[in-house]
Amino acid sequence: MIHRKSARDLDRMAAAGTIVAETLALLAESARPGMSTLDLDQIAEGHIRASGGVPTFKGYRGFPGSICASPNTMIVHGIPSDEVVLADGDILSIDVGVTRQGFVGDSAVTIAIGDVPERTKQLLRTCQASLHAAVEACQVGGRLGDIGAAVQGVVEANGFAVVRDLVGHGVGRSMHEDPQVKNYGQAGTGAELKAGMTLAIEPMITDGSYEIHIDDDGWSIFTVDDSLAAHFEHTVAITEEGPRVLTLVHGDSIVNQPI
Ligand code: MG
Ligand code: MG
């Protein structure tokens, strides 16, 4: 069942989403070679709680971290650890969820640590561009398949692959609600997009195979062929006035962040 939200609900989600956006910006600023992903987790938890939010991921099905931190060939769901130390040339996907006033915001970015090759920058830019195309597809009267087709179109035109086995999701009072939001598919198919629907749209793409491998820790998900992976995510509301991105710092827009 798809829960549609009132205008007041959307404002609450945006308040949670603002904390998510601030946290991601803080982590992107802070991350540098020599830091561990546990260091980043502690910075995130501090900011989230100081802002009146709760880190949604912490304790979710036993997940120990406040963020997911997934370097290089890891696609998503990395457990923050003092044994994972960032090095120049790494990329890192950081995923943050915040609950505030009973509503969740969920967003992710992939950042470069120091200098990375041009092809890697392209991977990141393409993933972000595919998310922006997907946001534009969030129009009343559209279909869920418009979103997946938008992502897939951008990603494959740039020579990268869309992960099939992981999807975005509805989000609201719970982190994971209906519907599933695939990152591939046919425009004009699937459920109708209606005002008040709120979706976490999260393309996950690779520079190789789209097949995945789940680590023995039960969380970390890697590319099966050790290709690099990128992940960007926003929480988006469908409104009569067009898509409203809820995971932004106030006054910001989804302009390309410099990569
Ligand atoms: Mg997320
Ligand atoms: Mg999500």
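In this report, the structure presented in the accompanying data block is examined.

Rules and cut-offs
- Per-chain numbering applies: the sequence of each chain, read as written, is numbered from 1 onward.
- Here the convention is simple: chains get letters from A, ligands get numbers from 1, in the order in which they are written.
- Under the rules for a predicted model, residues below a pLDDT of 70 receive no local features and side-chain atom pairs below 80 are neither given nor counted, while totals for whole chains, interfaces and linings still include all residues.
- Derived side-chain values reflect all non-hydrogen atoms in the structure, with water molecules and hydrogen atoms excluded from consideration.
- Note that water is not among the atoms considered, so a metal site may appear incomplete; the donors listed are N, O and S atoms within 2.8 Å of the metal, with 3.2 Å applied to Na, K and Ca.
- Under the DSSP-based scheme used, a helix requires at least four consecutive residues in state H or I and a strand at least two consecutive residues in state E, with every element numbered from the N terminus.
- Classification of residues uses two cut-offs on accessible area relative to the type maximum, computed with a 1.4 Å probe and protein chains only: under 20% is buried, over 50% is exposed, and between them is partly exposed.
- Residues belong to a common nonpolar core when they are buried Ala, Val, Leu, Ile, Met, Phe, Trp, Tyr or Cys residues joined through side-chain atoms within 4.5 Å.
- Here, residues are in contact when the closest pair of their heavy atoms is within 4.5 Å.
- Criterion used throughout: strands pair if DSSP finds at least two bridges between them.
- Helix axes are fitted only over the stretch in contact, all axes being lines through C-alpha atoms; the angle between N-to-C directions runs from 0 to 180 degrees.
- Side-chain rings of Phe, Tyr and Trp, where Trp is taken by its six-membered ring, are said to pair if the distance between their centres is within 6.5 Å; with planes under 30 degrees apart they count as stacked, over 60 as edge-to-face, and otherwise as tilted.
- The criterion for a charge sitting over a ring is simple: Lys NZ or Arg CZ within 6 Å of the ring centre, and within 35 degrees of the ring normal.
- Each salt bridge in this description consists of a side-chain nitrogen of Lys or Arg and a carboxyl oxygen of Asp or Glu lying within 4 Å of one another.

**A word on the coordination of the magnesium ion (ligand 1)**
Point 1. Protein coordination of the magnesium ion (ligand 1) is provided by Asp95 (OD), Asp95 (OD), Asp106 (OD) and Glu233 (OE), with donor distances spanning 2.0 to 2.5 Å.
Point 2. A distance of 3.1 Å spans the gap from the magnesium ion (ligand 1) to the magnesium ion (ligand 2), which Asp106 bridges by coordinating each metal. Taken together, the positions of Asp95 in strand 4 (residues 91-100) and Glu233 in the loop between strand 13 (229-231) and strand 14 (234-239) put the pair 138 residues apart, joining distant regions of the chain.
Point 3. For Asp95, a relative accessible area of 7% translates into the label buried.
Point 4. Owing to a relative accessible area of 0%, Glu233 belongs among the buried residues under this scheme.

**As for the nonpolar core**
Point 1. The biggest cluster of nonpolar side chains holds 48 residues, and the ones touching the most others in it are Leu40, Ile67, Ile94, Val96, Ile147, Leu199 and Ile201.
Point 2. By residue number, the principal contributor to this core is helix 3 (residues 118-136), which donates six residues.
Point 3. The residues touching Val96, leaving out its near neighbours within four places in the chain, are Val20, Thr23, Leu24, Leu27, Ile48, Phe57, Ile67, Gly105, Asp106 and Ser107.
Point 4. Among the nonpolar cores identified, the runner-up in size contains 13 residues, and Ala14, Met175, Ala200 and Ala237 belong to it.

**Digging into the pairing of strand 2 (residues 67-71)**
Point 1. With five of its five residues buried, strand 2 lies for the most part within the structure.
Point 2. The alternating pattern of strand 2 places Ile67, Ala69 and Pro71 on one face and Cys68 and Ser70 on the opposite face, and all of these are buried.
Point 3. For strand 2 and strand 4, the ladder comprises five bridges, and the chain directions are antiparallel. Note that in strand 4 the partner of Ser70 across the bridge is Ser93.

**Considerations on the coordination of the magnesium ion (ligand 2)**
Point 1. The coordination sphere of the magnesium ion (ligand 2), as far as protein atoms go, consists of Asp106 (OD), His169 (NE2), Glu202 (OE) and Glu233 (OE), spread over 2.1 to 2.3 Å.
Point 2. Of note, the magnesium ion (ligand 2) draws all its donor residues from one chain, in the sequence arrangement D-x62-H-x32-E-x30-E.
Point 3. Owing to a relative accessible area of 8%, Glu202 belongs among the buried residues under this scheme.

**Observations regarding the sheet that holds strand 6 (residues 161-162)**
Point 1. Within the open sheet, the three strands sit side by side as 6-10-13. Their pairing is antiparallel. Edge strands, defined here as strands with exactly one partner in the open sheet, are strand 6 and strand 13.
Point 2. Relative to strand 10 (residues 204-206), strand 6 is paired through two bridges, and the arrangement is antiparallel. When the bridges of strand 10 are listed, Ala161 appears paired with Thr206.
Point 3. Those strands touched by helix 3 are strand 10 and strand 13, and its axis lies near 35 degrees from that of strand 13.

**Focus on the packing of aromatic side chains**
Point 1. Tallying each qualifying case throughout the model produces one aromatic pair.
Point 2. Ring geometry for Phe63 against Trp219: centres 4.9 Å apart, planes inclined by 80 degrees, an arrangement best described as edge-to-face. Taken together, the positions of Phe63 in the loop between strand 1 (54-55) and strand 2 and Trp219 in the loop between strand 11 (212-214) and strand 12 (221-223) put the pair 156 residues apart, joining distant regions of the chain.
Point 3. Positioned above the aromatic ring of Tyr210, the side-chain terminus of Arg164 is 4.2 Å from the ring centre.

**Overview of the pattern of salt bridges**
Point 1. The tally for this structure, following the rule as stated, stands at seven salt bridges.
Point 2. Of the charged contacts in the structure, one is a salt bridge between Asp207 and Arg119, with a shortest N-O distance of 2.6 Å. Residue Asp207 is located in the loop between strand 10 and strand 11, and its partner Arg119 is located in helix 3; the two are separated by 88 residues in the primary sequence.
Point 3. One salt bridge connects Glu156 with Arg164, and the closest N-O pair in it is separated by 3.8 Å.
Point 4. Look at Glu156 and you get partly exposed, because its relative accessible area is 40%.
Point 5. One connected set of salt bridges, linked through shared partners, spans Glu45, Arg49 and Lys58.

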